[in-house]
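Commentary on secondary and tertiary structure
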Amino acid sequence: ALGLLQGHGIATRVDGDYPFEPQRCHSTPVVRRLRTFASITNTQMAAREITSRGPIVADMYIWKDFFEYSTT
C-alpha cells in the first residue's frame, strides 16, 4: 500500500464519495505524494519519527478468521 501511495499519491475526500465508484477514482485530485517510507521496528523508533517528522502510517496483518469474530 505504501508503494502505491508513493507512486500514485493521496487523493482528497469529499462528502458523498464513499463507497468509491471505480470510474471516479481516476478523476480524483491528488493532494500529496509519499516521498519515501521505511519499517519502524520498535516504539522508541516510532516516537522519534513522530516527534521529528510527524504522523506515521501503521498496518497489521489480519487473519481471515478475524472477520468471523463475535463477542456473542
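A brief structural summary. (Residues numbered from 1 in each chain as written. Predicted model: local features only at pLDDT ≥ 70, side-chain atom pairs only at ≥ 80, totals over all residues. Heavy atoms only, no water.)

**Observations regarding the overall build of the protein chain**
Spelled out, the test is: A run of H or I in DSSP becomes a helix once it reaches four residues, and a run of E becomes a strand once it reaches two; helices and strands are each numbered from the N terminus. Here the term buried applies to any residue with accessible area under 20% of the maximum for its type, exposed to any over 50%, and partly exposed to those in between, with areas from a 1.4 Å probe on protein chains only. Note on contacts: a residue pair is in contact if any heavy atoms of the two residues lie within 4.5 Å. Here the Shrake-Rupley method, with its probe set to 1.4 Å, supplies the accessible areas, and only the displayed protein chains count as covering residues.
Summing up its helical and strand segments, the protein chain has two helices and two strands in all. Element order for the protein chain, N to C, with α for helix and β for strand: α-β-β-α. Classification of the 72 residues of the protein chain by burial places 6% in the buried group. In the protein chain, the proportion of contacts linking residues at least 24 apart, taken out of those at least 6 apart, comes to 38%. Surface exposure of the protein chain reaches about 7,200 Å², of which carbon and sulfur atoms provide 58%.

**Some remarks on the pattern of salt bridges**
Heads up, the condition is: Throughout this description, the term salt bridge denotes a Lys or Arg side-chain nitrogen within 4 Å of a carboxyl oxygen of Asp or Glu.
By the definition in use, this model includes one salt bridge. Here Glu 49 ties to Arg 53 by a salt bridge, and the two come within 3.2 Å at their closest N and O atoms. Remark: Arg 53 and Glu 49 occur in helix α2 (residues 43–53); sequence separation between them is four residues, near one turn of the helix.

**What about the environment of Ile 40?**
Inspection of the secondary structure puts Ile 40 in the loop between β2 (30–32) and α2. Accessibility expressed as a relative area gives 36% for Ile 40, which makes it partly exposed. In this structure, the C-alpha to C-alpha distance between Ile 40 and Ala 58, residues 18 residues apart in sequence, is 9.0 Å. Those residues within four positions of Ile 40 in sequence are excluded, and the remaining contacts are Met 45, Ala 46, Glu 49 and Ile 56.

**Quick word on a nonpolar patch on the surface**
Heads up, the rule is: For patches, a residue must show more than 30% relative accessible area and have no salt bridge; joins then use 9 Å for like charges and 5 Å for nonpolar side chains, namely Val, Leu, Ile, Met, Phe, Trp and Tyr.
Taken together, the side chains of Met 60, Ile 62, Phe 66 and Phe 67 define a hydrophobic patch exposed on the protein surface, amounting to about 480 Å² of accessible area. Assignment of secondary structure puts Phe 67 in the segment after α2. Here Phe 67 falls in the exposed class, since its relative accessible area comes to 64%.

**Some words on the packing of aromatic side chains**
Inclusion rule: Pairing of aromatic rings covers Phe, Tyr and Trp, the last counted by its six-membered ring, and requires centre-to-centre distances within 6.5 Å; plane angles under 30 degrees mean stacked, over 60 mean edge-to-face, and any other angle means tilted.
If you walk through the whole model with that rule in mind, you get two aromatic pairs. Their ring planes at 80° and their centres at 4.9 Å tell us that Tyr 61 and Trp 63 sit as a pair that is edge-to-face. For the pair Tyr 61 and Trp 63, one class covers both residues: exposed. Taken together, a centroid distance of 5.6 Å and an interplanar angle of 85° make the contact between Phe 66 and Phe 67 edge-to-face.

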